[in-house]
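Secondary and tertiary structure notes
Here is what each chain is made of, one letter per residue.
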Amino acid sequence: MLLDTTSGTIAYDERGSGSPIVMLSSGAHDRHDFDQLRELLPSGFRSIAPDWPGHGESPAGNAPASAMGFADVAEELVAGLAPEGAVVLGNSVGGFAAARLAIRRPELVRGLVLVDSGGFLPRSPQVRIFCALMARPRFLRAIYPWFANRYMRPQSEADRRVRDVGIATTRQDPGLAAASGLWRSFSSPEHDLRKEAASIQAPTLIVWGKRDPVIPPKAGRTIAATIPGARLELLDTGHAPQVSDPDGFAALFVPFAERVFSGETSEGPE
């Protein structure tokens, strides 16, 4: 299916019917990052997963890619397909988009799930230098096979598929241009949500890979200490725990989503 947004047309798909769950993937990845998790959802959930502009089946956007532009796409997607609000789950830049949506349009986010999320690290000189390098298309294309292997820590066929999608996305445009634009935006002050995150009122579950070398678990702890009532859970994975450990992820996510939609919003320890 296709949705027209102010940033361009995006591809997405829906599975099931009932309470809406929107799933936002990492940069250089596609909506199939959530295939295994979606298979584990019980009946009564309607899952919606898009491809970012220039990713998967979505054509290039009509403006240079950025984390903030992707967040705008997410806002239009949720407003258009789940106007009464959804549980919004985001991995990496998808987490940034989900958190920014919870800040700006709280009525659209009934529950928030942040997975190895961007938007919560200080812009240190080292971070700015790395982002500047990754924003160079030739550098990004050359390093991405090594980089994707390192952040995915592949152990399963699903891990390897996701790693290979990231490499393929960054081989040529439009994916290469989109990914390099994302990295350019990561050092922007607009990509830092730490001051605004305390205003998030949605029930929040944070799931992090213990072995993520890109956005380490300390960022998850920062989020958990900032968002009122947020709960942090760690899984023994790299940057995409919903891919690497779908069963473990579902065991955390499904009860959370069920509580949100039932109106039980307390997110204390199990």
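Just so you know, these numbers come straight off a predicted model, no measurement behind them. (Residues numbered from 1 in each chain as written. Predicted model: local features only at pLDDT ≥ 70, side-chain atom pairs only at ≥ 80, totals over all residues. Heavy atoms only, no water.)

Considerations on the overall build of the protein chain
Note the following rule: Helix and strand assignments come from DSSP, with helices taken as H or I runs of at least 4 residues and strands as E runs of at least 2, each series counted from the N terminus. The globule rule is 2.2 Å times the number of residues to the power 0.38, and the radius of gyration it is compared with is taken over C-alpha atoms. Burial here depends on accessible area, computed with a 1.4 Å probe over protein chains only, as a share of the maximum for the residue type. Under 20% is buried, over 50% is exposed, and the range in between is partly exposed. What makes two residues a contact is simply this: any of their non-hydrogen atoms within 4.5 Å.
Each helix and strand in the protein chain was counted, giving 10 helices and eight strands. Compactness check: the protein chain gives a C-alpha radius of gyration of 17 Å against a globular reference of 18 Å for 270 residues, within 12% of the reference. Principal axes of the C-alpha set define a box for the protein chain whose edges measure 50 × 35 × 35 Å. Looking at the protein chain as a whole, 57% of its 270 residues qualify as buried. Pairs at least 24 residues apart make up 74% of the contacts formed inside the protein chain by residues separated by at least 6 positions.

Description of the nonpolar core
For the record, the criterion: Only buried residues count toward a nonpolar core. Its members are Ala, Val, Leu, Ile, Met, Phe, Trp, Tyr and Cys residues joined through side-chain atoms within 4.5 Å.
Counting residues in each nonpolar core, the largest one holds 65 residues, and the members touching the most others are Leu-24, Leu-112, Tyr-144 and Ile-200. Ranked by residues supplied to this core, first place goes to helix H2 (residues 67-81) with nine residues. With residues up to four places along the chain from it excluded, the contact list for Tyr-144 reads Gly-27, Ala-28, Met-134, Tyr-151, Gly-166, Ile-167 and Thr-170.

Topic: the pairing of strand E1 (residues 2-5)
How we decide: Pairing between strands is defined by DSSP: at least two bridges between the two strands are required.
Burial along E1 is one-sided: the face carrying Leu-3 and Thr-5 is buried and the face carrying Leu-2 and Asp-4 is not. Looking at chain direction, E1 and strand E2 (residues 8-15) are connected through four bridges and run antiparallel. Looking across to E2, one finds that Leu-2 is bridged to Ala-11. A loop of two residues connects E1 with E2, the two strands running antiparallel in sequence.

Structural notes on the sheet that holds strand E3 (residues 18-24)
Formally: To obtain each axis, a line is fitted to C-alpha atoms, and for helices this fit is confined to the stretch in contact; angles are then taken between N-to-C directions over 0 to 180 degrees.
In space, the eight strands of this open sheet follow the order E1-E2-E4-E3-E5-E6-E7-E8, with mixed pairing throughout. The outermost strands of the open sheet, each flanked by one partner alone, are E1 and strand E8 (231-235). Strand-to-strand twist of the sheet, defined as the mean angle between neighbouring strand axes without regard to direction, takes the value 25 degrees. Sheet topology places strand E6 (residues 109-115) next to strand E7 (residues 204-209); four bridges connect them, and they run parallel. In the strand pairing of E7, Val-113 is matched with Leu-205. Relative to the sheet, helix H8 (residues 217-226) contacts E6, E7 and E8, its axis offset from that of E7 by approximately 170 degrees.

Remarks on the packing of helix H4 (residues 125-134) against helix H5 (residues 137-152)
Where we set the bar: The cut-offs work like this: below 35 degrees is roughly parallel, past 145 is roughly antiparallel, 65 to 115 is roughly perpendicular, and the gaps in between are oblique. Gly counts as polar in this scheme, as do all residues outside two lists: the nonpolar Ala, Val, Leu, Ile, Met, Phe, Trp, Tyr, Cys and Pro, and the charged Asp, Glu, Lys and Arg.
Relative orientation of the contacting elements H4 and H5 amounts to 110 degrees, with a least axis distance of 8 Å. Taken together, H4 and H5 sit at an angle that is classed as roughly perpendicular. For the pair formed by H4 and H5, the contact residues are Phe-130, Leu-133 and Met-134 on the first element and Phe-139, Leu-140, Ile-143, Tyr-144 and Phe-147 on the second. Here the contact of H4 with H5 is built from residues that sort into eight nonpolar, no polar and no charged.

As for the side chain of Asn-91
We apply this condition: For the purposes of these results, a polar contact is taken to be a pair of N or O atoms within 3.5 Å, where, inside protein, one atom must be able to donate a hydrogen and its partner to accept one; residues adjacent in sequence count only when each atom of the pair is a side-chain atom.
For Asn-91, the position within the fold is in strand E5 (residues 86-91). Engagement of the side chain of Asn-91 in a polar contact is seen with the side chain of Gln-242, the distance being 3.3 Å. What Asn-91 contacts, discounting residues up to four positions off in sequence, is Leu-24, Ser-25, Ser-26, Val-115, Asp-116, His-239, Ala-240 and Gln-242.

Some remarks on the side chain of Thr-170
Along the chain, the position of Thr-170 falls in the loop between helix H6 (157-169) and helix H7 (175-185). The buried category is assigned to Thr-170, whose relative accessible area is 1%. Within polar-contact distance, the side chain of Thr-170 engages the backbone oxygen of Gly-166 at 3.1 Å.

Considering the packing of aromatic side chains
Which entries qualify depends on this criterion: Geometry of aromatic contacts follows a simple scheme: Phe, Tyr and Trp rings, the Trp one being its six-membered ring, pair when their centres are within 6.5 Å, and the pair is stacked under 30 degrees between planes, edge-to-face over 60, tilted otherwise.
Across all of its chains, the model carries 10 aromatic pairs by this definition. Ring-pair connections join several aromatic residues into one group, and the members of that group are Phe-130, Tyr-144, Phe-147, Tyr-151, Trp-183 and Phe-186.

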